[in-house]
Amino acid sequence: MSLSRLGAHLRRRRGPRPRWPPTVPLPCTRASGTRGFDQSRDYVVGQLRNAGYAVNVQPFTFPYFQELAPSTFERTAPTARTYEHATDFNTMDFSGSGDVTGDIVPIDLVLPPGPTPSSNTSGCEAADFAGFPAGAVALVQRGTCTFGAKAQNAKTAGASAVVIFNEGQPGRTEALSGTLGDPIDIPVVGTSFDVGNELADLAQAGTTTVHVTTSTLSENRATYNVIADAPSGRADHTVAVGSHLDSVVAGPGINDDGSGTSQDLEMALQYAKAVKNPTNHLRFLFFGAEEEGLLGSAAYVASLSQDQTDEIMAMLDFDMMASPNFARFVYDGDGSDFPGNEGPTGSDIIESLFTGYWAGRGLASGTIPFDGRSDSVAFTDAGIPSGGIFAGAEGIKSEEQVAKYGGTAGVAYDKCYHQACDTLANLNTQAMGQFADNAANATARLVMRDNDLTDNTETLKAKRTTKSQDFKGPQLVR
Ligand SMILES: [Zn+2]
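Predicted model, so just to flag it, every value in this text is computed and none were measured. (Residues numbered from 1 in each chain as written. Predicted model: local features only at pLDDT ≥ 70, side-chain atom pairs only at ≥ 80, totals over all residues.)

**A look at the overall build of the protein chain**
Item 1. Across its full length, the protein chain carries 11 helices and 18 strands.
Item 2. In terms of overall dimensions, the protein chain is globule-like: its C-alpha atoms have a radius of gyration of 23 Å, near the 23 Å expected for 478 residues.
Item 3. Based on the C-alpha atoms only, the size of the protein chain along its principal axes is roughly 75 × 50 × 45 Å.
Item 4. For the protein chain, the proportion of its 478 residues judged to be buried stands at 51%. (Helix = DSSP H or I, 4+ residues; strand = E, 2+ residues; numbered from the N terminus. Rg over C-alpha atoms; globule rule 2.2 N^0.38 Å. Buried ≥ 20, exposed ≤ 12 C-beta atoms within 10 Å, placed from the backbone.)

Shown next, in the form of structure tokens:
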């Protein structure tokens, strides 16, 4: 597949200057609910229709969230301290707006933290708030239940704002950044363990007062999935190839996931020209609102009847194909490296298609778990064999990985992940070539395959069970 064609798809996305919305300044973005997304949708739809696909645009509504101004957080008593945004605290997604001054009330904290991460139940039960003074600021600790559940319980008890601090074990100390899932109309901030621990100590000794301001927008907006069906192939053996068409609000999302969508679009155009008599049916899916918690893929799978679900023999997810400091990750379909996280029966075969292709070209790869962070979740939860490849996001590359993949140790796979700098300049075209070739190979092999993927179940006997995850898409929920 030609890289210049891929670049052309990405460049042609640039339309007229965004005028949306008239009052709130936005960065250059393709987030669901913005004009940039709708332009991406129209471009993809036009290209696919011209190539002969039956294209269906599926609308759904989702909760949109945006910060309208930077939030502030400070302690005013017993001594003053101003907290630094990002270092000490972040606004939780779907926090309400407000300008609140109130006294800190610690809620069922475990300090020092227990030995096991995700072990305390601070704020998880309504009873934790017995006797809570109305108007106070609840101080809760990350733990077993979701941020949203803690914040909702606090609000119900009369809290004017909520401070959720990180739990305190190694790896759980930085300023929390996550989502409440649903709007809660009081300010909710996530802080580092140190900030919360200090506030807890001070509050135990005497009155401790904080001042928090947030300015946010939460509202339901419409967005879309684009579903494109090739004209032929047996429908009861449908191969679904997916990527997400939206970006985060903060930037244009060219690696995440302009790389996967442009790859899939080019695959679709070449396939339409080259393949006239496939064995199986090929369907391309361009999801909206992935960045809001995998909402497009969930809406798509929810819209299928059981028969339509059963017709999908495999789902391939392509998200982030060109990370500048890339690794070659393959979802661990058979659970050999992440026991208990295996995909449904047949995911082992998909994994081996991806690893085998790279191995055949002398390219090493590594595995990642099905961990709740990709659009394949809705499909694996429905029992559909799934897989995908991934070049890496905010994780830091190790020395070991540099020996395997090249690049720079101690630096993120994509240092522009979810930022304004995820532009065309952020793409690693060498990675893009390696990933696009692998994606096309796996897709072609599945489309030409005679049997479905239940005919080779050596490594997977049991169906995967759904369990609670820390992530919903890119966002931390607990
Ligand atoms: Zn993504």
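Next comes the rest of the write-up.
**Comments concerning the domain arrangement of the protein chain**
Item 1. Along its sequence, the protein chain is organised into domain 1 (3–53 + 230–476) and domain 2 (65–218).
Item 2. Computed from C-alpha coordinates alone, the two centres of domain 1 and domain 2 are separated by 35 Å.
Item 3. Domain 1 puts five residues into the contact, and the matching count from domain 2 is seven residues.
Item 4. For the side of domain 1 that touches domain 2, the class distribution of residues is three nonpolar, two polar and no charged. (Domains from an automatic or database assignment. Contact = placed C-beta atoms within 7 Å. Nonpolar A, V, L, I, M, F, W, Y, C, P; charged D, E, K, R; others polar.)

**Topic: the nonpolar core**
Item 1. Formed by 114 residues in total, the largest nonpolar core has its most connected members in Leu139, Val162, Ile164, Val188, Met321 and Ala391.
Item 2. Two domains each provide a minimum of three residues to this core, namely domain 1 (3–53 + 230–476) and domain 2 (65–218). (Core = buried A, V, L, I, M, F, W, Y, C linked by C-beta atoms within 7 Å.)

**Comments concerning unusual backbone geometry**
Item 1. Note that the residue after Leu111, namely Pro112, is joined by a cis bond; omega there is -5 degrees.
Item 2. Inspection of the secondary structure assignment puts Pro112 in the loop between strand E5 (98–106) and strand E6 (137–141).
Item 3. Going from Asp256 to Asp257, the amide bond is cis rather than trans, its omega being 5 degrees.
Item 4. As for its placement among the helices and strands, Asp257 is situated in helix H5 (residues 254–274).
Item 5. At Asp108, a position not held by glycine, the phi torsion is positive, near 50 degrees.
Item 6. Tracing the chain through its elements places Asp108 in the loop between E5 and E6.
Item 7. Its identity as a non-glycine residue notwithstanding, His418 has a phi of 60 degrees, on the positive side.
Item 8. Here His418 lies in the loop between helix H10 (399–405) and helix H11 (429–447).
Item 9. Judged by local crowding, His418 falls into the partly exposed class, with 17 C-beta atoms found within 10 Å.

**Focus on the pairing of strand E10 (residues 209–229)**
Item 1. Pairing analysis gives 20 bridges linking strand E1 (residues 54–77) to E10, with the strands arranged antiparallel. By the bridge assignment for E10, Phe62 is matched with Arg221.
Item 2. As paired elements, E5 and E10 share six bridges and run antiparallel to each other. Following the sheet pairing, Gly98 is matched in E10 by Thr214. (Pairing = 2+ DSSP bridges.)

**What about the packing of H5 against H11?**
Item 1. It is at 10 Å that the axes of H5 and H11 come closest, and there the two elements cross at 50 degrees. Regarding the angle of H5 to H11, the classification is oblique. Viewed along their axes, H5 and H11 form a crossing whose handedness is right-handed. Seen from H5, the contacting residues are Ser259, Gln263 and Met267; seen from H11, they are Met432, Ala436, Ala439, Ala440 and Thr443. (Axes fitted to C-alpha atoms, helices over the stretch in contact; angles between N-to-C directions. Parallel < 35°, antiparallel > 145°, perpendicular 65-115°, else oblique. Left-handed = near helix turned anticlockwise from the far one by under 90°.)

**Structural notes on helix H4 (residues 193–205)**
Residues that lie three or four places apart on an α-helix share one face, since the helix turns once every 3.6 residues.
Item 1. End to end, H4 covers 19 Å across 13 residues, agreeing with the expected 18 Å (1.5 Å per residue, within 8%).
Item 2. Those residues of H4 that fall on the buried side of the exposure criterion are Phe193, Val195, Gly196, Asn197, Leu199, Leu202 and Ala203.
Item 3. Those residues of H4 that are buried are in contact with strand E3 (89–91), E5, E6, strand E7 (161–165) and strand E9 (188–191). (Expected span 1.5 Å × (residues − 1).)

**Some points on the environment of Val377**
Item 1. Along the chain, Val377 turns up in helix H9 (residues 377–381).
Item 2. The buried category is assigned to Val377, around which 24 C-beta atoms lie within 10 Å.
Item 3. As for Val377 and Asp317, which are separated by 60 residues in sequence, their C-alpha atoms are 9.8 Å apart.
Item 4. Setting aside anything within four residues of it in sequence, one finds Val377 in contact with Leu294 and Gly372.

**Some details on the packing of helix H8 (residues 347–360) against H11**
Packed helices, taken two at a time, are described by the angle between their axes plus the distance between the axes.
Item 1. Where H8 meets H11, the axes come as close as 9 Å, and the angle between the chain directions of the two elements is 135 degrees. As the angle between them shows, H8 and H11 are arranged oblique. Along this stretch, H8 crosses H11, giving a crossing that reads as right-handed. Note on element contacts: H11 touches H8 through Asn438, Asn441, Ala442 and Arg445, opposite Ile350, Leu353, Phe354, Tyr357 and Trp358.
Item 2. Each residue belonging to the contact of H8 with H11 can be placed in one class, and the counts come to six nonpolar, two polar and one charged.

**Structural notes on the environment of Lys273**
Item 1. With respect to the element layout, Lys273 can be found in helix H5.
Item 2. Separated by 221 residues in sequence, Lys273 and Gly52 place their C-alpha atoms 9.4 Å apart.

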